[in-house]
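Okay, here's what each chain looks like letter by letter:
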Amino acid sequence: MMEQRILDIADHLLLIERELKVQGWWSDATPSAEALASTVPFAVDSMAFEQWLQWIFLPRMLIILEQGHPLPNASGILVMAETVFTDRPEQSRELRRLLAAFDQLISPSA
């Protein structure tokens, strides 16, 4: 049961990565060490939300899955995405759908 949830989450991370690439929001340029060290939620002080997804969220989630760490028991990532993409509702529709599904997968009651 738990293993299937892990696999579902891993699949979702790949879909999120693919959608970032499809939209041209994937970057080859690594943010600075200072930007990556941000302690502000979603690193809003140092990078765009798309960069945060690519450089902090996805790698962190992969480490959690690969090393068997406890999953976060809540994710408010969709709320942030809704805020960030208010000016790009059509372009961000699939990414927001994927993030909504991720939020549901991460929630223990799902």
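What you are looking at is a predicted structure, and each value in this text was computed from that prediction instead of being measured.

Trainee: It is not clear to me how the packing of helix α4 (residues 77-84) against helix α5 (residues 93-106) should be interpreted in this structure. Could you clarify?
Mentor: To describe two helices that pack against each other, one gives the angle between their axes and the distance between the axes. Look at α4 against α5: their axes get within 8 Å of each other, and the N-to-C directions meet at 160 degrees. With respect to their mutual orientation, α4 and α5 come out roughly antiparallel. Two packed elements cross with a definite hand, and for α4 against α5 that hand is left-handed. Residue-level contacts link Ile77, Leu78, Ala81 and Glu82 of α4 to Arg96, Leu99, Ala100, Phe102 and Asp103 of α5. Looking at side-chain class alone, the contact of α4 with α5 contains six nonpolar, no polar and three charged residues.

Trainee: Help me understand the environment of histidine 69 in this model?
Mentor: Secondary-structure assignment places histidine 69 in the loop between α3 (49-67) and α4. Taking the relative accessible area as the measure of exposure, histidine 69 reaches 39% and is therefore partly exposed. If sequence neighbours within four positions are ignored, histidine 69 has contacts with Ile63 and Ile64. Polar contacts involving the side chain of histidine 69 include one to the side chain of glutamine 67, which spans 2.8 Å.

Trainee: Even after reading the chapter, I still don't get the UniProt feature "domain: YqcC-like" (unreviewed entry) in the protein chain, so can you show me in this structure?
Mentor: As annotated in UniProt, the feature "domain: YqcC-like" (unreviewed entry) corresponds to residues 9-105 in the numbering used here. In this annotation, residues 9-105 is assigned 60% helix and 0% strand; the end-to-end C-alpha distance for the span is 7 Å.

Trainee: Even after reading the chapter, I still don't get the packing of aromatic side chains, so can you show me in this structure?
Mentor: Remark: the centre distance and the inter-plane angle together describe each pair of aromatic rings, the angle taken between the planes. Tallied over the full model, the rule gives seven aromatic pairs. Ring centres of phenylalanine 42 and tryptophan 52 lie 4.8 Å apart, and the angle between their planes is 70 degrees; this geometry places the pair in the edge-to-face category. Of this pair, phenylalanine 42 sits in the loop between α2 (33-36) and α3 while tryptophan 52 is found in helix α3, placing the two residues ten residues apart along the sequence. In this structure phenylalanine 42 comes out as partly exposed when scored by relative accessible area, which is 22%. Considering the side-chain rings of tryptophan 52 and phenylalanine 57, the 5.5 Å spacing of their centres and the 25 degrees angle between planes classify their relative orientation as stacked. Taken as a pair, tryptophan 52 and phenylalanine 57 share a single burial class, namely buried. Ring pairing ties together the aromatic residues Trp25, Phe42, Phe49, Trp52, Phe57, Phe85 and Phe102, which thus form one cluster. Against the face of tryptophan 26 rests lysine 21, its NZ or CZ located 4.8 Å from the ring centre.

Definitions and cut-offs
- Once a new chain begins, its residue numbering starts again from 1 and follows that chain's sequence as written.
- Reporting of local features is limited, given that this is a predicted model, to residues whose pLDDT is at least 70; pairs of side-chain atoms are given and counted only at 80 or more, and all residues count toward the totals for whole chains, interfaces and linings.
- Hydrogens and water are ignored here; the side-chain numbers use all heavy atoms of the structure.
- To define axes, lines are fitted to C-alpha atoms, for helices over the stretch in contact only, and angles between the resulting N-to-C directions are given on a 0 to 180 degree scale.
- We count a stretch as a helix when DSSP gives it H or I for four or more residues in a row; a strand needs E for two or more, and each element gets its number in order from the N terminus.
- With respect to orientation, any angle under 35 degrees is reported as roughly parallel, any angle over 145 as roughly antiparallel, any angle of 65 to 115 as roughly perpendicular, and every other angle as oblique.
- Throughout, a crossing is termed right-handed when the near helix is turned clockwise from the far one, and left-handed when it is turned anticlockwise from it by less than a right angle.
- Contacts are assigned to residue pairs that have any heavy atoms within 4.5 Å of one another.
- The nonpolar class holds Ala, Val, Leu, Ile, Met, Phe, Trp, Tyr, Cys and Pro. Asp, Glu, Lys and Arg form the charged class, and all remaining residues, Gly among them, are polar.
- To sort residues, take the accessible area from a 1.4 Å probe on protein chains only and compare it with the maximum for the residue type: under 20% means buried, over 50% means exposed, and anything in between is partly exposed.
- Whenever two N or O atoms come within 3.5 Å, that pair is a polar contact, provided that in protein one can donate a hydrogen and the other can accept it, and provided that, for residues adjacent in sequence, both atoms are side-chain atoms.
- UniProt positions are given in the numbering used here, feature names are shortened, and annotations may be inferred rather than shown by experiment.
- Geometry of aromatic contacts follows a simple scheme: Phe, Tyr and Trp rings, the Trp one being its six-membered ring, pair when their centres are within 6.5 Å, and the pair is stacked under 30 degrees between planes, edge-to-face over 60, tilted otherwise.
- Two conditions define a charge located above a ring, namely a distance within 6 Å from the ring centre to NZ of Lys or CZ of Arg, and an angle within 35 degrees of the ring normal.

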